[in-house]
Amino acid sequence: MHIPFTRRGLLSLTAGATLSGWLPRLAAHATEEKQVKSCILLWMAGGPSHLDTFDLKPDAPDRVRGEFKPIDTSVPGIQISEHFPKFARQMEHAALLRGMSTVESDHQLATYHVHTGYQKRAGGIAFPSLGALASRELGRRDFPLPNFVCIGEGPRHGTRSGFLGPEHQPLDVTSPDRGTDFLEPLASRAEFQRQLALLRRFDDAFQDAYRDQAAQAHRSALERSVKLMNAEQKRAFDLSLEPDAVRERYGSGSFGQGCLMARRLVESGVRFVEVMSGGGVGWDTHRDNFPRTRALSLEADAGMAALIDDLNERGRLDSTLVIWMGEFGRSPQTTSGGGRNHWSRAWSTVLAGGGIRGGQVIGKTDRDAAEVLERPISVVDFLATVCTILGIDYTRQNRAPGVERPIPIVDTSKMPQVVSELL
Amino acid sequence: MRRWLLISCCVAALLTWASAEVAQGDDADALADLIDRRIDAGLTAEGVKRVPAADDAEFVRRIYLDLHGVVPSAEQAARFLDDDSQRKRDRLIDELLASERFGEHFGDVWRKRLISPQANEQRMQTDRFSAWLADRFNANDGWDRIVTDLLTASGRIDDNPQVTYLIEGRFPLGVTDLTDLTSRYFLGVQLNCAQCHDHPFVAWKQEDYWGMAAFFAQIQMPGRPKKVYELGVKDDSQMTLARLNGGDEIDGFLSRPPTFLGGQEHEPLRGQTHRAALAQWITSRDNPYFARAAVNRMWWHFFGRGIVTPVDDMHSANEPSHPELLELLSQQFADSGFDLKLLCRAITSSRTYQQTSRPGDQADDEARLFARMSIKVLSAEQLYNSLVAILGPPAKTPSVNVRLGARYEFCQSFAGDGEGEPTRFDRGIPHLLRLMNSPQFAGRSITALASRVQSSGQSADDAVEELFLTILSRRPTAAEIEAAADELANGNSPQAVYRDLAWALLMTSEFSLNH
């Protein structure tokens, strides 16, 4: 890893020194495997209004236009909402995809669909989410941390590992300030060692007598958990090791602090981190769209801008893809309660870093941002693109237990088309 | 279908023989005997030997978990182990079947299946629906009547908890969810692939799917889906599939008249709703799927794998491992008036159920042919019930949000995606970390258990034995007694040693599994 010789670079080196030589070792690791990428998915739960974030329509009628003004960005000709002022200065690293066009308009179904690439059916196959797929494709098996971590409060039905099984299940961190739950033993370390020795003694006898796969899987999950409890990399979960100034830059809320933790995790080798914005479904602004979208935008802006900035300064941006997205957009017409309803036919996502060609807008919607006019992007197009950026062959097929047909990472029967302008 | 017919013909002779031999349909012993003989026949044919019978400790823990969804208390386990009378296993089975906990456990199990995994979180707390199911199972109402009530219920959840299936089963996809769940759980077939295309491997065609879906089309769809909680379920005879498809386009939609699976078109009777006709067809004694689906599902519950596997994928190209057994059991089950307790009693009193799960020389073949018991993973509910039974109610834990109830939260966190294979361990680091290090159960509750064991004034050996009985429903082996003695000899306080022992036993694979 090349650390640019800036003031902040120095600061982080100093911080590294206090981590008993931890950072330099990480840096060594990073050079060895430069080509393997990581991904941070910033999840805007509830469906953010594309008209009030990244696809503003200043010339639309009053009921559609909304209250926010567009502002210029660091890339001439690209404008975004005034409530993303910090991110606006980083537009050269990012691409706006304004032609998202999907089919599900229910929160749970849409969340599941855009995370897994498959539509949910009652009692059907449990498909793995993007994070679990990345964990499987990019993760190291002997790595003590889970390769998929999910930070913040929010819906989890789009983040499960499905048929890929427990090894790729995300570790959930509900509060970034508190760090991972249950990582420390309740007893003293000495007593924990005694307990563990007893446990292994008892368990060995059962394993020998029953030679059972479920028993082995249980034991393996237990040993991996103990390995995590003992791993030095778990310090990535401890935000108190960061200088106050850095923590403040990310914003003091759960989302900002989650972005900071995501950066630490990616640096320590975790391949996929999902950070939740909006608690439950905060961006679901059926009422009071404007004040709520404003507040959430400012929080998202601080977190994602600090993240991109930090990754860039620390030489990590090209190997880390940052995605900003929710499950759909919102209706062009505002409601009588000043809200906007669900809208999946046309909406926006943002990609940054990961070695993509930044500073561009891809796709175009009509006057009211109601329909996509140019370059529509479906769920499978989007996921195939993300996989390609991350170096994952999206046509590779998985086998699900009890299912006869092979299941491609992205549903190839739907003819996914990679957004090649990004590459 | 043709293959099934062939099998049915082949077993016709067997059936005559069996019905002569099983003089009384409600004789569980005779049914258990029939199970053992059909399993033996399969074993002889393939040259695989049965493993020995389960010992009493394996049996007592297994039967409590399978029938009551919880481990036995130390007293219950000890009483059974120390009982040296004849037929004590049969007596225990009868006792457990007669207890209210039987219905509560099966109510729990069926609620999880019948409610769409996408149902609104608040509504997932359908305790009244579980209670309704529990009452029915405890009263031993026929499975045909229970299913009829589920499919024909009307009104609001508040007045009629049984209508929960129609309401939560169809969220958020309405008719298509109900079609999937009904065919999967009551008929044992997976139609969902046929929603959008003819099934590539089996006979189900897209028109089969939409023919079944059409039976649910009359259930009125309120303009806003959530209104159904206020308005309840009502039928509107004017509604058709075509009209439902009017708003949002449904994947793979085909306009079909209501048609029973297999091709028989429904001829409506005056005053009868489509779904009442469907219920009548499904639960009829002549229905080729209904009894078989129930028997295979129940077998799966007890053995961890179906006679047909996957359990809900019964079709002509997916042959049962024991076709005659499935046919005979289904026939007897239908003859008994779809008596679930009889079926449970027959299965659990068979030698086949009461085998050990320790493998012999041919571990995989033994499991496949039911020459030994398969080891099942405790479901989230069984795990929670057992932890509470052993350690008492959960302690408040800051990072665990119990807004919707501690049990609900625990089961959500520990359940896999959907209802997985019972023999597959699907939990990972988050679950193990929580079990080991969360104060919800592993903290003071374990200390309290250690104090209880110590303060009862018994010898160290007795205290250790009580811990083993409490947690693993068995007495310790000589090696385990020695391990405990080593700890005590190392100068640790008895209280600390008991605490370490209890923690270690709760974290063993043995505790997390039903062997």
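Residues numbered from 1 in each chain as written. Chains lettered and ligands numbered in written order. Predicted model: local features only at pLDDT ≥ 70, side-chain atom pairs only at ≥ 80, totals over all residues.

What follows concerns the overall build of chain A. Counting its regular elements, chain A contains twelve helices and 16 strands. Its C-alpha radius of gyration of 22 Å places chain A within 12% of the 22 Å reference for a compact globule of 423 residues. Along the three orthogonal principal directions, the C-alpha set of chain A runs to about 75 × 55 × 40 Å. Among the 423 residues that make up chain A, the fraction classed as buried is 54%. Considering only contacts in chain A between residues 6 or more positions apart, those separated by 24 or more positions represent 72%. (Helix = DSSP H or I, 4+ residues; strand = E, 2+ residues; numbered from the N terminus. Rg over C-alpha atoms; globule rule 2.2 N^0.38 Å. Buried ≥ 20, exposed ≤ 12 C-beta atoms within 10 Å, placed from the backbone. Contact = placed C-beta atoms within 7 Å.)

When helices and strands are counted, chain B shows 27 helices and two strands. Sequence-distant contacts, at least 24 apart, represent 70% of the contacts inside chain B between residues at least 6 apart.

Here the focus is the confidence of the model for chain A. This prediction gives chain A a mean pLDDT of 90; 91% of its residues lie at or above 70. Taken as a whole, residues 1-33 of chain A scores under 50 in pLDDT and shows 28 contacts with residues more than four places along the chain or in a different chain. (pLDDT = per-residue confidence, 0-100.)

Residues and elements named next belong to chain B. For helix 25 (residues 478-489), spanning twelve residues, the distance from its first C-alpha to its last is 16 Å, which sits close to the expected 16 Å at 1.5 Å a residue. For helix 25, every residue scored as buried is listed here: Glu480, Ala484 and Glu487. Each buried residue of helix 25 sits inside an arc of 55° when the element is viewed along its axis, so together they form one side. Exposed side chains of helix 25 directed beyond 90 degrees from the buried face belong to Ala478, Ala479, Glu482, Asp486 and Ala489. (Expected span 1.5 Å × (residues − 1). Arc of directions from axis to C-beta.)

Let's shift gears to the packing of helix 2 (residues 28-46) of chain B against helix 18 (residues 340-348) of chain B. Residues and elements named next belong to chain B. At their nearest, the axes of helix 2 and helix 18 sit 8 Å apart, and the two run at 50° to each other. When the interaxial angle is binned, helix 2 and helix 18 end up oblique. The way helix 2 lies across helix 18 gives a crossing that is right-handed. Contact residues: Ala28, Leu31, Ala32 and Ile35 in helix 2; Leu342, Arg345, Ala346 and Ile347 in helix 18. (Axes fitted to C-alpha atoms, helices over the stretch in contact; angles between N-to-C directions. Parallel < 35°, antiparallel > 145°, perpendicular 65-115°, else oblique. Left-handed = near helix turned anticlockwise from the far one by under 90°.)

Residue and element names in this part refer to chain A. Within the open sheet, the eight strands sit side by side as 6-5-7-1-8-11-4-12. Their pairing is mixed. The open sheet has two free edges, formed respectively by strand 6 (171-173) and strand 12 (360-362), since each of these has just one partner strand. Within this sheet the neighbouring strands show an average axis-to-axis angle of 15°, counted without direction. Of the pairings in the sheet, the one linking strand 4 (residues 94-100) to strand 12 comprises three bridges and is parallel in character. Counted as the bridge partner of alanine 95 is glutamine 360 from strand 12. Seen against the sheet, helix 10 (residues 254-268) touches strand 1 (38-44), strand 5 (148-151), strand 6, strand 7 (272-277) and strand 8 (320-325) and runs at an angle of roughly 175° to strand 7. Packed onto the sheet, helix 12 (residues 379-390) meets strand 1, strand 4 and strand 8 and runs at close to 160° relative to strand 8. (Pairing = 2+ DSSP bridges.)

Turning our attention to unusual backbone geometry. One can expect most non-glycine residues to show negative phi and most peptide bonds to be in trans. The step from threonine 309 of chain B to proline 310 of chain B runs through a cis peptide bond, and the omega angle for that step is -5°. When you line up the elements, proline 310 of chain B lands in the loop between helix 16 (290-303) and helix 17 (323-335). Positioned with a positive phi, aspartate 288 of chain A is a non-glycine residue whose angle comes to about 50°. Within the secondary structure, aspartate 288 of chain A is located in the loop between strand 7 and helix 11 (289-313). Since 11 C-beta atoms lie within 10 Å of it, aspartate 288 of chain A is described here as exposed. Of note in the backbone geometry, phenylalanine 338 of chain B takes a positive phi value of approximately 55° without being a glycine. In this fold, phenylalanine 338 of chain B is placed in the loop between helix 17 and helix 18. Given 22 C-beta atoms within 10 Å, phenylalanine 338 of chain B falls into the buried group.

A few words on the pairing of strand 11 (residues 347-353) of chain A. Residues and elements named next belong to chain A. Most of strand 11 sits out of view: seven of its seven residues are buried. Taken together, the five bridges between strand 4 and strand 11 define a ladder with antiparallel strand orientation. Note that in strand 11 the partner of alanine 94 across the bridge is alanine 352. In the sheet, strand 8 pairs with strand 11 via four bridges, with the strands oriented antiparallel. Counterpart to tryptophan 324 in the pairing with strand 11 is valine 350.

Residue and element names in this part refer to chain B. With respect to the helices and strands, the residue leucine 513 is situated in strand 2 (residues 513-514). The class for leucine 513 is buried, based on 22 C-beta atoms found within 10 Å. Along the chain, leucine 513 and glutamate 100 lie 413 residues apart, while their C-alpha atoms are 24 Å from each other.

Another aspect to go through is the environment of arginine 345 of chain B. Residues and elements named next belong to chain B. Within the secondary structure layout, arginine 345 lies in helix 18. Residue class for arginine 345 comes out buried when judged on the 23 C-beta atoms lying within 10 Å of it. Between the alpha carbons of arginine 345 and serine 455 there is a distance of 40 Å; along the sequence they are 110 residues apart. The residues touching arginine 345, leaving out its near neighbours within four places in the chain, are Ala28, Ile93 and Leu97.

Moving on, we come to the nonpolar core. What tends to happen in soluble globular proteins is that the nonpolar side chains get buried as a cluster. Membership of the largest hydrophobic core comes to 257 residues, with the highest contact counts inside it found for Leu42 of chain A together with Ala502 and Leu505 of chain B. Looking at this core, the element that brings in the most residues is helix 16 of chain B, giving ten residues. The residues touching leucine 505 of chain B, leaving out its near neighbours within four places in the chain, are Phe202 of chain A together with Leu467, Phe468, Ile471, Leu472 and Phe511 of chain B. (Core = buried A, V, L, I, M, F, W, Y, C linked by C-beta atoms within 7 Å.)

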